[in-house]
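Examination of the molecular architecture
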Amino acid sequence: MYSWIVGRALRMLFNRLQAGDVRFIMRTYAPDARLVFPGDSSFAGDHRGKDEIEAWIERFAGLGPRFVIHDVAVAGPPWHMRVLFRFTDHIPIPGGGQYQNEGMELIRIHWGKVREQFVYVDT
């Protein structure tokens with residue numbers, strides 16, 4: 001039941017992201033949050049603090065991604081929660097077609113605020 005509730009909240013947040021509502025998304029992050037996106041792409045990096053994370057999310061949301069969240073698992077109490085989920089994203093390519101990716105994320109949440117987010121995609 002706990003994973004189902006968190007999954008519903010997560011899907012709502014990704015719907016807001018797809019709508020470009022970055023301001024709403026940023027309310028879920030702690031001031032000293034960290035977002036890690038491994039790899040060699042222009043999105044890769046260890047982004048620290050709300051300003052860096054907001055710039056990253058604005059850039060990403062500008063691509064118009066569409067997400068399907070497949071599985072959600074939750075561990076820990078609400079004040080020290082770990083959320084893991086599997087997703088597929090689709091990003092339209094200018095001139096036709098789309099880029100599709102499979103991935104997983106690990107999010108650490110303390111007292112309702114995202115403290116760490118690790119995004120692992122199969123590029």
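This structure is a prediction, so every number in the text was calculated from the model and none was measured. (Residues numbered from 1 in each chain as written. Predicted model: local features only at pLDDT ≥ 70, side-chain atom pairs only at ≥ 80, totals over all residues. Heavy atoms only, no water.)

**Here's the deal with the overall build of the protein**
For clarity, the cut-off: Each helix is a run of H or I in the DSSP string that is no shorter than four residues. Each strand is a run of E no shorter than two, and both are numbered from the N terminus. Our radius of gyration looks at C-alpha atoms and nothing else; its globule reference is 2.2 Å times the residue count to the power 0.38. The classification of residues rests on relative accessible area computed with a 1.4 Å probe and restricted to protein chains. Under 20% of the type maximum is buried, over 50% is exposed, and intermediate values are partly exposed.
Helix and strand counts for the protein come out as three helices and six strands. Written out in order from the N terminus, the α and β elements of the protein read α-α-β-β-α-β-β-β-β. The C-alpha radius of gyration computed for the protein amounts to 14 Å, which stays within 12% of the reference 14 Å derived for 123 residues, consistent with globular compactness. Oriented by its inertia axes, the alpha-carbon framework of the protein measures out at about 45 × 30 × 25 Å. Put simply, the protein has 123 residues, and 40% of those count as buried.

**Examining the pairing of strand S5 (residues 98-110)**
Test applied: Should DSSP find at least two bridges between two strands, the strands are regarded as paired.
Where strand S4 (residues 80-92) lies against S5, 13 bridges are found, and the strand directions are antiparallel. Among the inter-strand pairings, phenylalanine 87 is bridged to a residue of S5, identified as glycine 103. Count of turn residues in the S4/S5 antiparallel hairpin: five residues, of which glycine 95 carries a positive phi of about 90°. In the sheet, S5 pairs with strand S6 (residues 113-122) via nine bridges, with the strands oriented antiparallel. Counted as the bridge partner of histidine 110 is lysine 113 from S6. Here S5 folds back onto S6, and the loop between the two strands holds two residues, one of which, tryptophan 111, carries a positive phi near 50°.

**Let's talk about the nonpolar core**
Threshold: Residues enter a nonpolar core if they are buried and are Ala, Val, Leu, Ile, Met, Phe, Trp, Tyr or Cys, with the set joined through side-chain atoms within 4.5 Å. In what follows, residue pairs with any heavy atoms lying within 4.5 Å of each other are defined as contacts.
Leu17, Tyr29, Ile57, Val72, Val83 and Phe85 are the most contacted members of the largest nonpolar core, which totals 30 residues. Of all the secondary structure elements, the ones that give two or more residues to this core are helix H1 (2-18), helix H2 (22-26), strand S1 (29-37), helix H3 (49-61), strand S3 (66-75), S4, S5 and S6. For tyrosine 29, the contacting residues outside a window of four places in its chain are Leu35, Lys50, Ile53, Ile57, Lys113, Val114 and Gln117.

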